[in-house]
Each structure stands twice: as structure tokens, then as C-alpha cells.
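For reference, the chains in residue letters:
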Amino acid sequence: MTTTQSEAHLPALEDHHRSETGRELQATLVELVDLSLIGKQLHWNIAGRPFKPLHEHLDELIDSWRELSDTVAERAVAIGVAPDGRAATVEAESGIDPIPAGGLDTDTALRELVARLADVSERIRGRMDRLGELDLASQDVLVEVVRELEKQLWMLRVSLPA
């Protein structure tokens, strides 16, 4: 993320805090965009029972991750930092392990997604904690993200086969 022109209308953050906050928001943005891409890949390539409920649930998750990424990006802009959600940036900066290409049975896809969502949620929780020292309003955005991701994780985990 690059810092936009500092103007009087920006929140009163020191340059260092603005830069650090921007980095935490950017890292979160990249992972949310990547989650939405992974979700779409799974959505297109799952097979097996129960196909339809997981197929439809993936669409709901993807929509949520896109909305959350928009909220994160808008917070970055609000503090004077330009978000970067381009494909090349997501590829270079995301810490999410890629999923296997091609078809996956629904149980495997669910396990793959749960593992990645748990990792992302944990990383964002760490960023959320760091933002508590830098910018409480940005921390609040990540609190919202973590709350939603952990709810999704719970719903996916209870769907895992025994």
C-alpha cells in the first residue's frame, strides 16, 4: 500500500502509525481477496455428496469475503493509504497455501478450506491485536473481520465428516 497525500481531512495518525496500520490492512485485504478466489475455485470444482449445500455455502462465503475485503480497503483509503488488490499483488503477498488444481470431493474441499480459513483467521487476529496499539478504528474493522471468519470457521468445522 502506498500512502496518499496527507491532508487535513485524514484521521489524526502519526505517519509511522499510518504506515504500520496500512501494512496490516493490506495484508488482510490480500488474504481476503485470495480466500474469495480459493472459494470460487472450490465452488467450480467440487463433486460428491453433499454437493449442492457446499456449492451454495461457498457462494455465501465468497460474497462475505468480498464484502469484508471492501470494508478493509475502504478503511485504508479513509486513513490515506491506497489499497492494492491486483491479482499480481495477491499472488505475491498472500500467505495462504494454494489449493490443488482440478476436481476435489466435497470432504477434501471442506478440509482444505477449513485449514486455510483457520490460518487466515489466526493471522488476522494477530494483526487485530497489533492495531490496538496503532489505530482503534482500524482495529475495529479487523475485529469485525475476525468475528465473521471465526463464525464461518465454526460452521464449516461442524460440517466436517467425523
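Above this text sits the structure in question.
First things first, this report covers the structure right here in the doc.

### With respect to the overall build of the chain
Here is step 1 of the chain: Helix and strand counts for the chain stand at five helices and four strands.
Here is step 2 of the chain: Shown N-terminal to C-terminal, the secondary structure of the chain runs as helices and strands in the order β-α-β-α-β-α-β-α-α.
Here is step 3 of the chain: Relative to the compact-globule value of 15 Å for 162 residues, the chain shows a C-alpha radius of gyration of 17 Å, a close match.
Here is step 4 of the chain: Projecting the C-alpha coordinates of the chain onto the three principal axes gives extents of approximately 55 × 30 × 20 Å.
Here is step 5 of the chain: Counting across all 162 residues of the chain, residues that qualify as buried make up 44%.
Here is step 6 of the chain: Surface summary for the chain: the accessible area is close to 8,500 Å², and the carbon and sulfur share equals 51%.
Here is step 7 of the chain: Charge centroids of the chain, computed over 17 positive and 30 negative side chains, lie 4 Å from each other.

### Notes on helix α5 (residues 136-157)
Here is step 1 of the chain: Taking 1.5 Å per residue, 22 residues should reach 32 Å; α5 reaches 31 Å between its end C-alpha atoms and fits that length.
Here is step 2 of the chain: In this structure, the buried residues of α5 make contact with α1 (15-45), α2 (51-78) and α4 (106-131).

### Quick notes on the layout of surface pockets
Here is step 1 of the chain: By volume, the largest pocket amounts to about 190 Å³.
Here is step 2 of the chain: Together, Asp34, Leu37, Ile38, Ala87, Val90, Glu91, Ser94, Ile96, Pro98 and Ile99 line the largest pocket.
Here is step 3 of the chain: The set of elements that each furnish at least two residues to the lining of the largest pocket consists of α1 and α3 (87-93).
Here is step 4 of the chain: Residues belonging to the lining of the largest pocket are distributed by class as follows: seven nonpolar, one polar and two charged.

Calculation notes
- Residues numbered from 1 in each chain as written.
- Predicted model: local features only at pLDDT ≥ 70, side-chain atom pairs only at ≥ 80, totals over all residues.
- Heavy atoms only, no water.
- Helix = DSSP H or I, 4+ residues; strand = E, 2+ residues; numbered from the N terminus.
- Rg over C-alpha atoms; globule rule 2.2 N^0.38 Å.
- Buried < 20%, exposed > 50% of the residue type's maximum accessible area, 1.4 Å probe, protein only.
- Areas by Shrake-Rupley, 256 points an atom, 1.4 Å probe, with all protein chains shown as cover.
- Lys, Arg positive; Asp, Glu negative; His and termini not counted.
- Charge placed at Lys NZ, Arg CZ, Asp CG, Glu CD.
- Expected span 1.5 Å × (residues − 1).
- Contact = heavy atoms within 4.5 Å.
- 1 Å grid on protein atoms, 1.4 Å probe; cavity = no way out; pocket = protein on both sides within 12 Å on 5 of 7 lines; lining within 4 Å.
- Points joined across faces, edges and corners; volume = space filled by probe spheres on them.
- Nonpolar A, V, L, I, M, F, W, Y, C, P; charged D, E, K, R; others polar.

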